Amino acid sequence: MKYLSNTVSLEIFPEHCIGCGSCVEVCPHGVFAIENKKAVILDKDRCMECGACVGNCAFGALTVNKGVGCAAAVINSIISGGEPSCDCSGENKTGNCC
Ligand code: SF4
Ligand code: SF4
């Protein structure tokens, strides 16, 4: 899932990153990868501003204006009648965001 283009507040500070991989593990949307022992943002527009990566980065290498994140997915699922679409669970699960 992608969100609005160029609206995401996620930023990375490579000089603080030690390449521990926590952000890769917790991000439910596969926003990060480790390249050359540093985290890189693969696709910023996939970020839902849940804040999981920032909360799990012990080195201050990430920042995001944490939004409603999972709550938005739940509300959308109620409106649409389907399952929450944040990819945190089920077959699409890629991390432990919450
Ligand atoms: S959690 Fe922080 S230090 Fe670890 S790889 Fe991600 S940005 Fe780098
Ligand atoms: S805020 Fe959430 S969705 Fe965005 S990069 Fe961090 S963990 Fe991934």
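Scoring rules and cut-offs
Residues numbered from 1 in each chain as written. Chains lettered and ligands numbered in written order. Predicted model: local features only at pLDDT ≥ 70, side-chain atom pairs only at ≥ 80, totals over all residues. Heavy atoms only, no water. Helix = DSSP H or I, 4+ residues; strand = E, 2+ residues; numbered from the N terminus. Buried < 20%, exposed > 50% of the residue type's maximum accessible area, 1.4 Å probe, protein only. Contact = heavy atoms within 4.5 Å. Areas by Shrake-Rupley, 256 points an atom, 1.4 Å probe, with all protein chains shown as cover. Near = heavy atom within 4 Å. Nonpolar A, V, L, I, M, F, W, Y, C, P; charged D, E, K, R; others polar. Pairing = 2+ DSSP bridges. pLDDT = per-residue confidence, 0-100. Core = buried A, V, L, I, M, F, W, Y, C linked by side-chain atoms within 4.5 Å.

## Describing the overall build of the protein chain
Then comes step 1: When helices and strands are tallied, the protein chain shows three helices and four strands.
Then comes step 2: Scanning the protein chain from its N terminus toward the C terminus, one meets helices and strands in the order β-α-β-β-α-β-α.
Then comes step 3: Looking at the protein chain as a whole, 37% of its 98 residues qualify as buried.
Then comes step 4: The long-range fraction of contacts in the protein chain, counting pairs at least 24 apart against all pairs at least 6 apart in sequence, stands at 56%.
Then comes step 5: Accessible surface computed for the protein chain: about 5900 Å², of which carbon and sulfur atoms make up 53%.

## Here's the deal with the site of ligand 2
Then comes step 1: The full set of residues close to ligand 2 is Leu10, Cys27, Pro28, Val31, Phe32, Cys47, Met48, Glu49, Cys50, Gly51, Ala52 and Cys53.
Then comes step 2: Classifying every residue of the shell around ligand 2 by side-chain character gives 10 nonpolar, one polar and one charged.

## Some words on the pairing of strand S3 (residues 38-41)
Then comes step 1: Across four bridges, the pairing between strand S2 (residues 32-35) and S3 is antiparallel. By the bridge assignment for S3, isoleucine 34 is matched with alanine 39.

## Structural notes on the site of ligand 1
Then comes step 1: Around ligand 1, 13 residues are found, and the nearest of them are Cys17, Cys20, Gly21, Cys23 and Cys57.
Then comes step 2: When grouped by side-chain class, the residues that make up the shell around ligand 1 number 10 nonpolar, three polar and no charged.

## Remarks on unusual backbone geometry
Then comes step 1: Phi at asparagine 36 takes a positive value of approximately 50 degrees, unusual for a residue other than glycine.
Then comes step 2: Counting through the fold element by element, asparagine 36 comes out in the loop between S2 and S3.
Then comes step 3: A relative accessible area of 77% places asparagine 36 in the exposed class.

## Quick look at the environment of lysine 44
Then comes step 1: Within the fold, lysine 44 resides in the loop between S3 and helix H2 (52-56).
Then comes step 2: Taking the C-alpha atoms as reference, lysine 44 lies 7.2 Å from leucine 10; in sequence the two are 34 residues apart.
Then comes step 3: Excluding anything up to four places from it in sequence, lysine 44 contacts Val8, Leu10 and Glu11.

## Observations concerning the environment of glycine 19
Then comes step 1: Locating glycine 19 in the fold gives a position in the loop between strand S1 (11-12) and helix H1 (22-26).
Then comes step 2: Accessibility expressed as a relative area gives 23% for glycine 19, which makes it partly exposed.
Then comes step 3: Once you skip the residues sitting within four places of it in the chain, glycine 19 turns out to touch Ile34, Lys37 and Lys38.

## Quick word on the confidence of the model for the protein chain
Then comes step 1: With 71% of its residues at a pLDDT of 70 or more, the protein chain shows a mean pLDDT of 82.
Then comes step 2: Here residues 92-96 is a poorly scored stretch, pLDDT under 50, and it has 15 contacts once near neighbours within four places are set aside; other chains count.

## A short note on the nonpolar core
Then comes step 1: With 15 residues, the main nonpolar core has Leu10, Cys23, Val31, Phe32, Cys47, Cys53 and Leu62 as its most contacted residues.
Then comes step 2: Setting aside anything within four residues of it in sequence, one finds leucine 62 in contact with Glu11, Ile12, Phe13, Cys23, Phe32, Cys53, Val54 and Cys57.

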